[in-house]
Amino acid sequence: MSSVQDNGIGIKSQYLDRIFEIFRRLHTRREFPGTGIGWAICKKIVERHNGHIWAESQARVGTTFYFTLDELVT
């Protein structure tokens, strides 16, 4: 398992799955820039490698994104 962490505004738990849906924004573009596709793309990549991605968050502290990937055999 690997992870990346930010120190942003955090995400309420009821919205954590929503951030992985393409073009599903939690805020308006005036509040925060972006297109709403970044984490959806990450989810696609992880799933194509038979992995799983999820997030845990705390308001005003930040969010940690966890992911797993199957080992590649060469």
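Conventions we followed
- Residues numbered from 1 in each chain as written.
- Predicted model: local features only at pLDDT ≥ 70, side-chain atom pairs only at ≥ 80, totals over all residues.
- Heavy atoms only, no water.
- Pairing = 2+ DSSP bridges.
- Helix = DSSP H or I, 4+ residues; strand = E, 2+ residues; numbered from the N terminus.
- Axes fitted to C-alpha atoms, helices over the stretch in contact; angles between N-to-C directions.
- Salt bridge = Lys/Arg side-chain N within 4 Å of Asp/Glu carboxyl O.
- Buried < 20%, exposed > 50% of the residue type's maximum accessible area, 1.4 Å probe, protein only.

1. Points about the sheet that holds strand β1 (residues 2-5)
Argument step 1. Ordered by their spatial adjacency, 3 strands build an open sheet running β1-β3-β2, and the pairing between neighbours is antiparallel. Of all strands in the sheet, those with a lone pairing partner are β1 and β2 (52-58), marking the two edges. Ignoring strand direction, the axes of neighbouring strands in this sheet form an average angle of 20 degrees.
Argument step 2. The pairing of β1 with strand β3 (residues 62-68) spans 4 bridges and is classified as antiparallel. Across the sheet, serine 3 pairs through a bridge with tyrosine 66, a residue of β3.

2. What about the pattern of salt bridges?
Argument step 1. On inspection of all chains with the given rule, the structure shows 1 salt bridge.
Argument step 2. Among the salt bridges present, the one from glutamate 47 reaches lysine 43, with a minimum N-O distance of 3.8 Å. With glutamate 47 and lysine 43 both in helix α1 (residues 38-48), this residue pair falls 4 residues apart, about one helical turn.
Argument step 3. The partly exposed category is assigned to lysine 43, whose relative accessible area is 30%.

3. Focus on the pairing of β3
Argument step 1. Among the 7 residues of β3, 5 are classified as buried, and the element is accordingly described as predominantly covered.
Argument step 2. Summarising the sheet, β2 and β3 pair through 7 bridges and their orientation is antiparallel. Bridge pairing links isoleucine 53 to phenylalanine 67 in β3.
Argument step 3. In this antiparallel pair of consecutive strands, β2 and β3, the connection spans 3 residues, and arginine 60 shows a positive phi of 60 degrees.

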